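Here are the chains, one letter per residue:
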Amino acid sequence: MQKTTIIAALMLTAACLSTPAYSQTADSIVHDAEYYILEAQNGQRWQAEDAGLNARLAELREKFGTPPNIVHIMWDDTAFGDVGIPAIQKVRGFETPHLNRMANEGILFSRFYTEVGCTPSRAACMTGRHPIRNAMYNIGMLREMHGLRGTEVTIAEVLSQAGYATAFHGKWHLGDIEESYAHNQGFDEAFFTGYNQILSLWTRKGEAANATMGLYEDMLPEDPYKLDDTFITKGWVQVLEGTKGGETRQWGDNSHDTYVKIDVEAQQRTLDFIERHAKARKPFYVANWPNLSSFLPSPNKMSQGRSLLQDALQSNIDPFVGRVMAKLKELGIAENTLVICNADNGPMAHNPPPGCGFTETIFRGGKGDFLEGGVRVPSQAWWPGVIEEGQIVGDIIHEADLFTTFARLAGASQWIPRDRVIDGIDQTALLMNGDTHSRRDYVFIYAGPNLGATVKGNYKRHWISPDPVGEASGIPAGFYFLPSDTREKTPMLVNLIHLKSPFNRMRIRHELWKQKYPDQSERHGIPWTGIANATPQVKALANPPLDLNRLPFDPLEYVEHLDELPFDPSLDPGLGEQQ
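What you see is a predicted model; the values in this text were computed from it and never measured.

(A) Structural view of the nonpolar core. Grouped together as the largest cluster of nonpolar side chains are 111 residues, with contacts concentrated most on Trp75, Tyr285 and Trp528. Here the element with the most residues in this core is helix α11 (residues 308-330); it accounts for ten residues. Membership of the second largest hydrophobic core comes to 23 residues, among which are Tyr137, Phe444, Trp463 and Leu496.

Structure (structure tokens):
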């Protein structure tokens, strides 16, 4: 960027932040630079609105005796419209009556944004931060040897300070190192997987079906040419359970039979947790993030679409949501409980396992893409008596906003850390006052550690562009008007070139603010330590079966250098190749 452009951006930022509406103090939450541009223009109105919201929350607390309970259900890889829009479901060959009823009785979000993949999305929800900031942009796979840092502050830790009971059940996918375990990240109780649904293939059944190849060497003919017995991983953990400050144990084994029981067990634990704390009149927060399905197709087809996704939404996720809503009503706490449901990113449109049924709907792209199809997902909110029924909300909201919003509802905002950027914006006004009350009109979309695109209102700029000539000249055809180009297939240059400088200013402010609050590097370590009933294979991960005296180096030294493996800095996702 030219020096004069940077100076101009700094002057604009300083001017905006020095207006009377700007209210940051030493005790204020630190947001992204772009937020302060909005606050400088809308701060007085927001302050007046907050007074009314605080009065309503105080009335609710007096009525029910506790701040609201919070239930967050998040599943995988679902395109916008696959949930909440019956006409699309009719085309796709499945139905979700409970989720659709939930949307009809509350809010159906039309612009709910996530990160591009499982691990980064989960990190954003837990910390209220884009994963670029805490280096959780890598999607964890077998023996990844990294995870969420212990110094990150999760929503469970924030709500615990306010007296909430907290539980996590399901797909955690935030690391395989001990400090990243869910019960070491603030949850009172946890039942969780460290990896994703590929666990269903890392089984003897998966090896037998050639869905996984070479993981279980004892099932294969002996390889007479094999020299290295350390290359293939032999020890890992499918599911852990633990309590805050207590023992960590493996639940079940690594078989496919255990895998298919995970969601059943997690859902029952969630319902038991809700009932237990409702009867104790203690506010609670529970996150149930299902594994959704096995990647090994079942012979029992449950939907007309007969795919893994459709079957799982119809026969797993939807019935569970119905059971949660029924349980809250049965216990008499529905009107004091916020339920949020959303997918963690778009469909696995690239290289999906066979028979999954993942596909794009309105938007182009899927999991891993900074296109709208990768990050704009189905989401809805339900809170009887508080959220007005039948709303379709057009405001932008990002999953990181859940962190800050949950804290505000719980009266726990003072425990949000002030020494780092919190990307999540408090969206209490959007939930309680409805459409047009969001406090964000922008989204930064990262592809791995690289900024892929920026959204501002109805406009979007791709920073990674398929226009090399334009890139070389500094004016690529990377501008999109989203309402008329949901497929992002018609980039504009002349029509939208007036947005070049505004988007440049946004990016410069964002990156200058990152210099003040630098991104962290990845946190690595030996996987699966601290497990009371660890198998010999898991224990061996910290002790390679080698004669160390015969090596001229430390065989575990590489752990400290794993984050040096670069992402492709161009990271062109093949825009325009998919029709």
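(B) The arrangement of helix α4 (residues 97-104) in detail. Residues of α4 that are buried include every one of Leu99, Asn100, Met102 and Ala103, and no others. An end-on view of α4 places all buried positions within 155° of arc, on one side of the element.

(C) Representation of the sheet that holds strand β6 (residues 240-243) within the structure. Sheet architecture is open: ten strands sit in the order β7-β6-β5-β4-β8-β1-β9-β10-β2-β11, paired in mixed fashion. Strands at the two margins of the open sheet, each flanked by one partner only, are β7 (248-250) and β11 (391-393). Between one strand and the next, the sheet's axes are offset by a mean angle of 15°, whatever the strand orientation. In this structure, strand β2 (residues 107-109) lies alongside strand β10 (residues 379-382), joined through three bridges in antiparallel fashion. Each bridged residue has a counterpart across the sheet, and for isoleucine 107 the counterpart in β10 is alanine 381. Running over the sheet, helix α10 (residues 262-279) touches β1 (69-75), β4 (165-171), β5 (189-193), β6 and β8 (284-289) and is turned about 170° from β8. On top of the sheet, helix α13 (residues 401-410) reaches β1, β8 and β9 (337-343); it is set at about 175° to β9, its chief contact.

(D) How the structure looks around the packing of helix α2 (residues 33-64) against α13. Direction vectors running N to C along α2 and α13 enclose 60°, while the axes themselves pass 10 Å from each other. Relative to α13, the element α2 is oriented oblique. Along the contact surface, α2 presents Asp50, Leu53, Asn54, Leu57 and Arg61, while α13 presents Arg408, Leu409 and Ala410. When grouped by side-chain class, the residues that make up the contact of α2 with α13 number four nonpolar, one polar and three charged.

Cut-offs used in this document
- Residues numbered from 1 in each chain as written.
- Predicted model: local features only at pLDDT ≥ 70, side-chain atom pairs only at ≥ 80, totals over all residues.
- Heavy atoms only, no water.
- Core = buried A, V, L, I, M, F, W, Y, C linked by side-chain atoms within 4.5 Å.
- Buried < 20%, exposed > 50% of the residue type's maximum accessible area, 1.4 Å probe, protein only.
- Helix = DSSP H or I, 4+ residues; strand = E, 2+ residues; numbered from the N terminus.
- Arc of directions from axis to C-beta.
- Pairing = 2+ DSSP bridges.
- Axes fitted to C-alpha atoms, helices over the stretch in contact; angles between N-to-C directions.
- Contact = heavy atoms within 4.5 Å.
- Parallel < 35°, antiparallel > 145°, perpendicular 65-115°, else oblique.
- Nonpolar A, V, L, I, M, F, W, Y, C, P; charged D, E, K, R; others polar.

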